[in-house]
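Read off the chains here:
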Amino acid sequence: MEIDNGNVGEVKHKFERAGLGKAPFKFVGMEVKLFQAAPGEPVRAGSSCDFCATAIANCYWILSADGKRFKVGCDCIAKIGDAGLVKQIDRVKRDHEKKLAEERAKKKIQAALDKLPSIEQTLKSMPHPRTWLADKGLTRYDWVTWMFEKAGRKGQLEAAKYISEF
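Reading the values: rules and limits
Residues numbered from 1 in each chain as written. Predicted model: local features only at pLDDT ≥ 70, side-chain atom pairs only at ≥ 80, totals over all residues. Heavy atoms only, no water. Salt bridge = Lys/Arg side-chain N within 4 Å of Asp/Glu carboxyl O. Helix = DSSP H or I, 4+ residues; strand = E, 2+ residues; numbered from the N terminus. Axes fitted to C-alpha atoms, helices over the stretch in contact; angles between N-to-C directions. Parallel < 35°, antiparallel > 145°, perpendicular 65-115°, else oblique. Left-handed = near helix turned anticlockwise from the far one by under 90°. Contact = heavy atoms within 4.5 Å. Nonpolar A, V, L, I, M, F, W, Y, C, P; charged D, E, K, R; others polar. Buried < 20%, exposed > 50% of the residue type's maximum accessible area, 1.4 Å probe, protein only. Pairing = 2+ DSSP bridges. Expected span 1.5 Å × (residues − 1). Arc of directions from axis to C-beta.

## Re the pattern of salt bridges
Next up, step 1: One pass over the structure, following the stated rule, counts four salt bridges.
Next up, step 2: Measuring nitrogen to oxygen at the nearest pair gives 3.9 Å for the salt bridge that ties Lys-22 to Glu-16.
Next up, step 3: In this structure, the salt-bridge partner of Asp-50 is Lys-71, at a minimum N-O distance of 2.9 Å. Note that Asp-50 is positioned in the loop between strand 6 (47-48) and strand 7 (55-56) and Lys-71 in strand 9 (residues 69-72), a separation of 21 residues in sequence.

## Some remarks on the packing of helix 3 (residues 83-124) against helix 6 (residues 153-164)
Next up, step 1: It is at 8 Å that the axes of helix 3 and helix 6 come closest, and there the two elements cross at 50°. One way to sum up the angle between helix 3 and helix 6 is to call them oblique. As helix 3 runs across helix 6, the sense of the crossing is left-handed. From helix 3, Glu-102, Ala-105, Lys-106, Lys-108, Ile-109, Ala-112, Lys-115, Leu-116, Ile-119 and Leu-123 reach across to helix 6, where they touch Arg-153, Gln-156, Leu-157, Ala-160, Tyr-162, Ile-163 and Ser-164.
Next up, step 2: Partitioning the contact of helix 3 with helix 6 into residue classes produces ten nonpolar, two polar and five charged.

## Digging into the packing of helix 5 (residues 140-150) against helix 6
Next up, step 1: One can describe the packing of helix 5 onto helix 6 by two numbers: an axis separation of 8 Å at closest approach and a directional angle of 140°. By the angle between their axes, helix 5 is oblique relative to helix 6. Here helix 5 runs over helix 6; the crossing is left-handed. Two secondary-structure elements touch here, helix 5 through Arg-140, Trp-143, Val-144, Met-147 and Phe-148 and helix 6 through Gly-155, Gln-156, Glu-158, Ala-159, Ala-160, Tyr-162 and Ile-163.
Next up, step 2: For the contact of helix 5 with helix 6, a count of residues per class yields eight nonpolar, two polar and two charged.

## Regarding the pairing of strand 8 (residues 58-64)
Next up, step 1: A large share of strand 8 lies buried, amounting to five of its seven residues.
Next up, step 2: Bridge count for strand 3 (residues 25-32) against strand 8 is seven bridges, and the pairing is antiparallel. Considered in strand 8, the bridge of Lys-26 is made with Leu-63.
Next up, step 3: Alignment of strand 8 against strand 9, held across four bridges, turns out to be antiparallel.

## Some thoughts on the sheet that holds strand 9
Next up, step 1: Taken together, three strands build an open sheet; the order of strands is 3-8-9 and the sheet is antiparallel. A strand with exactly one partner marks an edge of an open sheet, and here the two such strands are strand 3 and strand 9. On average, each strand axis in the sheet is inclined to that of its neighbour by 30°, with strand direction left out of account.
Next up, step 2: Set on the sheet, helix 3 makes contact with strand 3 and strand 8; between it and strand 3 the angle comes to about 20°.

## Some words on the side chain of Ser-47
Next up, step 1: Residue placement: Ser-47 occurs in strand 6.
Next up, step 2: Residues contacting Ser-47, with those up to four places away along its chain left out, are Lys-33, Thr-54, Ala-55, Ile-56, Cys-59 and Lys-71.

## Considering the environment of Lys-124
Next up, step 1: Within the element layout of this structure, Lys-124 appears in helix 3.
Next up, step 2: With residues near it in sequence (within four places) discarded, Lys-124 still touches Thr-139 and Tyr-141.

## Side note on helix 6
Next up, step 1: The terminal C-alpha atoms of helix 6, which comprises twelve residues, lie 16 Å apart, in line with the 16 Å expected from a rise of 1.5 Å per residue.
Next up, step 2: Taken residue by residue, helix 6 has Gly-155, Gln-156, Ala-159, Ala-160, Tyr-162 and Ile-163 as its buried positions. End-on view of helix 6: buried residues confined to an arc of 160°, all on one side of the axis. Exposed positions of helix 6 whose direction lies more than 90 degrees from the buried face are Lys-154, Lys-161 and Ser-164.
Next up, step 3: On its buried side, helix 6 packs onto helix 3 and helix 5.

By themselves these figures say nothing about function.
Below you can see the structure in the form of structure tokens.
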């Protein structure tokens with residue numbers, strides 16, 4: 001919050017000064033809005049911030065004390081100085097980014113699993129990356145399949161990266 005020079009000594013929230021409603025403000029949800037003009041064209045931000053008019057894809061919905069609902073981007077939330085809103089949105093943003101990372105990981109792993117049958121014989125002709133297991137007759141294919149079946153997400157991504165290099 002900052003001082004409104006029009007009324008010396010009166011403290012007003014920046015959103016209130018912009019005409020977006022009366023303080024206090026609370027975070028009420030997040031939405032992703034994307035726009036693609038035609039198939040094959042780039043995907044772009046599909047909305048704009050009601051505070052600064054910048055194009056945004058991640059819309060953070062805010063509700064004012066007088067019932068006005070508006071959307072802003074994370075940069076405007078960070079700039080306004082409302083620690084409560086910043087804390088709420090940081091948590092939502094972190095959760096959203098985690099969800100996106102998990103979706104990307106799943107796609108990489110699925111792509112590797114789809115490619116695996118086409119390189120199975122090649123992998124079976126290669127020794128296991130651990131020498132002591134290679135000495136027991138295990139192959140690179142054994143390693144990859146074990147990673148997908150029993151390893152955690154990090155190990156599965158390691159195997160997926162290996163397969164993607166073929």
